[in-house]
Amino acid sequence: MGKDCDHHHHSSCCGCSVCSDHSTLLTIAWVVGAFVLVVLLVVFITWLVLRPTKPIFYLKDATVYQFNLSLSDNILSTVLQATVSSHNPNSRIGVSYDRASVYVTYQNQQITLPTSIPPLYQGHHDINVWSPYLYGASVPVAPSICGSLQQDEAAGYLLLYLKIDGMVRWKVGTWTSGHYHLEVTCPAFFSFDSTSNGVAVVRFQRMSPCSVSV
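As a starting point, this report considers the structure included with it.

Here is what the cut-offs are and how they apply
Residues numbered from 1 in each chain as written. Predicted model: local features only at pLDDT ≥ 70, side-chain atom pairs only at ≥ 80, totals over all residues. Heavy atoms only, no water. Helix = DSSP H or I, 4+ residues; strand = E, 2+ residues; numbered from the N terminus. Polar contact = N/O pair within 3.5 Å; in protein donor to acceptor, adjacent residues only side chain to side chain. Contact = heavy atoms within 4.5 Å. Disulfide = S-S within 2.5 Å. Buried < 20%, exposed > 50% of the residue type's maximum accessible area, 1.4 Å probe, protein only. 1 Å grid on protein atoms, 1.4 Å probe; cavity = no way out; pocket = protein on both sides within 12 Å on 5 of 7 lines; lining within 4 Å. Points joined across faces, edges and corners; volume = space filled by probe spheres on them. Phe/Tyr/Trp six-rings, centres within 6.5 Å; stacked < 30°, edge-to-face > 60°. Lys NZ or Arg CZ within 6 Å of the ring centre and 35° of its normal.

1. Regarding the environment of His124
For step 1, the next point in the chain: Along the polypeptide, His124 turns up in the loop between β6 (120–122) and β7 (127–130).
For step 2, the next point in the chain: Along the primary structure His124 and Ser91 are separated by 33 residues, whereas in three dimensions their C-alpha atoms are 5.1 Å apart.
For step 3, the next point in the chain: Among the polar contacts made by the side chain of His124, one reaches the main-chain carbonyl oxygen of Ser91 at a distance of 3.4 Å.

2. Some words on the environment of Asn74
For step 1, the next point in the chain: Among the secondary structure elements, Asn74 is positioned in the loop between β1 (56–70) and β2 (75–87).
For step 2, the next point in the chain: Apart from the residues lying within four places of it in its own chain, the contact partners of Asn74 are Val139, Pro140, Val141, Pro143 and Cys146.

3. Description of the state of the cysteines
The bond known as a disulfide is covalent and runs between the sulfur atoms of two cysteines.
For step 1, the next point in the chain: This model, assessed by the stated rule, comprises one disulfide.
For step 2, the next point in the chain: Here Cys186 connects covalently by a disulfide to Cys210, the sulfurs 2.1 Å from one another. Since a negative S-S torsion denotes a left-handed disulfide, the Cys186-Cys210 link at about 105° is right-handed. You can see Cys186 sitting in strand β11 (residues 180–194) and its partner Cys210 sitting in the loop between β13 (208–209) and β14 (211–213), a full 24 residues away along the chain. You'll find Cys186 and Cys210 in the same group, each marked buried.

4. Section: empty space enclosed by the protein
For step 1, the next point in the chain: By the definition in use, this model includes one cavity of 30 Å³ or more.
For step 2, the next point in the chain: In this structure, the largest cavity spans a volume of roughly 60 Å³.
For step 3, the next point in the chain: Lining the largest cavity are Leu59, Ala62, Leu80, Ala82, Val104, Leu160, Tyr161, Leu162, Ala188 and Phe190.
For step 4, the next point in the chain: When contributions to the lining of the largest cavity are tallied by element, the ones reaching two or more residues are β1, β2, β9 (157–172) and β11.
For step 5, the next point in the chain: Considering each element in turn, the lining of the largest cavity owes the most residues, three residues, to β9.

5. Points about the packing of aromatic side chains
For step 1, the next point in the chain: On inspection of all chains with the given rule, the structure shows six aromatic pairs.
For step 2, the next point in the chain: Between Tyr97 and Trp130, the ring centres sit 5.5 Å apart and the planes meet at 85°, which makes this aromatic pair edge-to-face. Of the two residues, Tyr97 sits in strand β3 (residues 94–106) while Trp130 sits in strand β7, which places them 33 residues apart along the sequence.
For step 3, the next point in the chain: Here Tyr97 falls in the buried class, since its relative accessible area comes to 2%.
For step 4, the next point in the chain: Ring geometry for Tyr133 versus Tyr135: centroids 6.4 Å apart, planes at 20°, classification stacked.
For step 5, the next point in the chain: By the ring-pair criterion, three or more aromatic residues cluster together here, those being Phe57, Tyr97 and Trp130.
For step 6, the next point in the chain: Here the basic side chain of Arg206 rests over the ring of Phe189, its NZ or CZ set 4.2 Å away from the ring centre.

This is the structure we're talking about:
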């Protein structure tokens, strides 16, 4: 009888131990789950309160130094300088431009090489102005592009697009987000004006707002 009692008592203690371990694991799981939920809730509330607004870009000016089309071999050579302004509209969030390059397109064809913009940090409500030179030496273009350029010159106007491709991060205090892809498209309106010697000169017409995607 004594042995039976000892065996019964030992089995009860083992059952209590297993129940205790299971209860401890459940408690740890609840604590970890609650902690993760609180962190996510804080991040969500912070995002709602701050709600980063994408930068605002304007193409302020552009000077064309060379825009020569060779019809014999469908080659276009371009040299221009563009002036672009960027405004951070956020009052609590800074923007880090880790990488950005600028180039020009005509009818969806790139006609200049990308020009890199040095990395910079843009503080709250800051405005930065970039004036990169853009070069496209002897760029082969499709025959349809040549035809379109001839039509534009005959009509007296030219529409190019200045594009910015880069990576940015949001910064709030000591916290910095991951990288976001920045895409900026600025329409550049020009006119063809004839000089006294009959050479067409490309002139910038007006400042224009840019579309921005982050």
